[in-house]
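Letter by letter, the chains look like this.
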Amino acid sequence: MPAIVPFGPSQATACFYEIAPQLSTARRSEYMNIQANLLSGASSFAAGETCSQAYCAPTVGQMPPVISSSASRANASDSLLLLDMDNTLVDTRAWFADFILSATNGIAEALKEDHRIINQLFAEIAGATTLHEYGYIIEAIASRLKKHRSVTHRKIERASERFWHEFSQEHKKIRTYDHVHSTLKEIRMQFPGLKIVVLTDSPEWVTLERLHLTGLLPLVDGIVAIRTEVPKLRNRGYQRGLRLRQEEMRRLQEKIDRRHLQLHMAIPASYAKPSSAGIELAAKRLAVGNQIIIVGDKDHKEGLAARSWHLSQNAQERPSASIRINYVRAHYGNYDLDHPRYLDLASHIPSLKAGIAEPVTGIEPVKSLDSFAHMTQTLEEIFSEQSEQQAA
C-alpha cells in the first residue's frame, strides 16, 4: 500500500493555480470548491503523486475518464449527438483511395472502354447522385455509353457482380480512427440520456455494413443515411441487372441485426448535407428538446447544415428555435488531405478532389478536435456551459 503524505492548504493553493488555466469555467468552479475545502482542513495524496500528475491536461490519446456532473447529465438528457461517419468515425478516404482506381480499371476492361472515360463517367454519376458508392454505378455507366449495343446485358451484369464482390472484400479492411470505440462507450456511460445518431451522406446499405464491420453499430441509437434510387434506364435489358442489385442490397441489410436502433431513416439525396433536413428529421423523430451537437470534418457540410438549421428554426418561429445547436469540427479527419496520393486520385476522378475547403464565412465550431478521444470532455464543457447559463 503506498505511503500517505500530507496535502495541506499551501499545496492546495499551488495546485489550483497550476491547473486553473487548463480547466473549463465549470471545472474551475469545482476545483475552487475543492480548494476551499482543503483550506479548511488537510487532505492527503499517495506518496509520489503530485498535483500536476493528478490534474495536468493529458496529451492526445491519453484522455482520462471524464466524470460528468449531475447537472451535465441532466442537460444531456433529451439532447442529440449527430456524428458524421466518413472521415469522422472511420478513415474512409484512405480506404477508398486504395480501392477505387483498380476497381474502375476492372470496369473499363469488362466494358471494353478506355479507363479515362470510365473514371470521368464515374465522377459525373457520383456528382449527380451525391454517392461515390452508388449501388447501380455499373449499369448507369454502361447505359450512358450504350454498351448494350456491343456487350451483352449478361456480361454487364457479371461486371457489376465482380465490382461489388471486390467492394465487399475490400470493405472489410476499413478502420475506425483511434479511440472511437472507447470514447463512444465512455459517452454512453457518462451521458445515458444522450441520443447518438449517425448522420451521413453515404448510402443506407453501405452505412449499415460499414458500422457493422467496424463494430460501431451497437454503440449508436440511430442512422440517417441517403436512399439509393434506382436509375431510370431506357433500355429494358438493364431491368434484370437492376433488380438483382436491388435484391443484393436488401439481403445485405437483412443480415445485420439493427433491432436496437431507435431511428433508421433513408432520405433523398437532395437532403444530403449541407441541407439541414437530416438534422430536422432526426430531432423531430426523437423528440429532442434540449441541445443538438453535430460532429463532422467539413465546415461546408456539417458546419453549414448546423447554421442552416438554426436560421430556419428562427425564421419560422418554431418551438425548436430554443434548442441550441453546436458544431464540433473533427479536424483529425483532415490530417492527410494534402497527401500526393489524393491529388493523383483527383486527377483521375475529379469528384474525389481532395484539399482543405475554403473557409466558410460565419462558421465557427465550438471546438476543433485533434482526436476523437477529446469528444467526452467537449460534451462535458457544452453541457456545463448550459448549466452556468441556467444558473445565471
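Residues numbered from 1 in each chain as written. Predicted model: local features only at pLDDT ≥ 70, side-chain atom pairs only at ≥ 80, totals over all residues. Heavy atoms only, no water.

1. Re the sheet that holds strand β6 (residues 263-267)
If you trace the seven strands from one edge of the open sheet to the other, you get β6-β5-β4-β3-β7-β8-β9, paired in parallel fashion. Looking along the sheet, the strands with just one partner apiece sit at the ends: β6 and β9 (367-368). Sheet analysis places strand β8 (residues 324-329) next to β9, joined by two bridges and oriented parallel. Opposite Val-328, over in β9, you have Lys-367 as the bridge partner. Against the sheet, helix α10 (residues 204-213) engages β4 (195-203), β5 (222-226) and β6, with an angle of about 125° to β4. (Pairing = 2+ DSSP bridges. Helix = DSSP H or I, 4+ residues; strand = E, 2+ residues; numbered from the N terminus. Contact = heavy atoms within 4.5 Å. Axes fitted to C-alpha atoms, helices over the stretch in contact; angles between N-to-C directions.)

2. Some points on empty space enclosed by the protein
By rolling a water-sized probe across the atoms, one finds the places where empty space is left. Summed over the entire model, instances satisfying the criterion amount to one cavity of 30 Å³ or more. In terms of lining residues, the largest cavity is bounded by Glu-139, His-153, Ile-156, Glu-157, Gly-237, Tyr-238 and Gly-241. Sorting elements by how many residues they give to the lining of the largest cavity places helix α8 (residues 153-171) first, with three residues. (1 Å grid on protein atoms, 1.4 Å probe; cavity = no way out; pocket = protein on both sides within 12 Å on 5 of 7 lines; lining within 4 Å. Points joined across faces, edges and corners; volume = space filled by probe spheres on them.)

3. A few points about the pairing of β8
In terms of burial, β8 is largely enclosed, as five of its six residues are buried. One ladder, built from six bridges, connects strand β7 (residues 291-296) with β8; its direction is parallel. Each residue of the ladder has a partner; that of Ile-294, found in β8, is Tyr-327. (Buried < 20%, exposed > 50% of the residue type's maximum accessible area, 1.4 Å probe, protein only.)

4. Notes on helix α14 (residues 340-348)
Buried residues of α14: Tyr-342, Leu-345 and Ala-346, and no others. Here the buried residues of α14 occupy an arc of 100° about the axis, which is enough to place them on one side. Structural note: α14 exposes Pro-340, Leu-343 and Ser-347 on the side pointing more than 90 degrees away from its buried face. Against α5 (92-111) lie the buried residues of α14. (Arc of directions from axis to C-beta.)

5. What about the pattern of salt bridges?
Summed over all chains, the structure comprises 22 salt bridges. Of the charged contacts in the structure, one is a salt bridge between Lys-301 and Asp-201, with a shortest N-O distance of 3.1 Å. In this pair, Lys-301 is assigned in helix α13 (residues 299-315) and Asp-201 in strand β4, connecting sequence segments 100 residues apart. Residue classification places Asp-201 among the buried residues on the basis of a relative accessible area of 14%. Across the pair Arg-324 and Glu-385 runs a salt bridge, and its minimum N-O distance is 3.8 Å. In this pair, Arg-324 sits in strand β8 while Glu-385 sits in helix α15 (residues 375-391), placing the two residues 61 residues apart along the sequence. Looking at Arg-324, the relative accessible area reads 31%, which means it is partly exposed. Residue classification places Glu-385 among the partly exposed residues on the basis of a relative accessible area of 34%. By sharing partners, the salt bridges in this structure join Arg-93, Asp-297, Lys-298 and Asp-336 into a single network. (Salt bridge = Lys/Arg side-chain N within 4 Å of Asp/Glu carboxyl O.)

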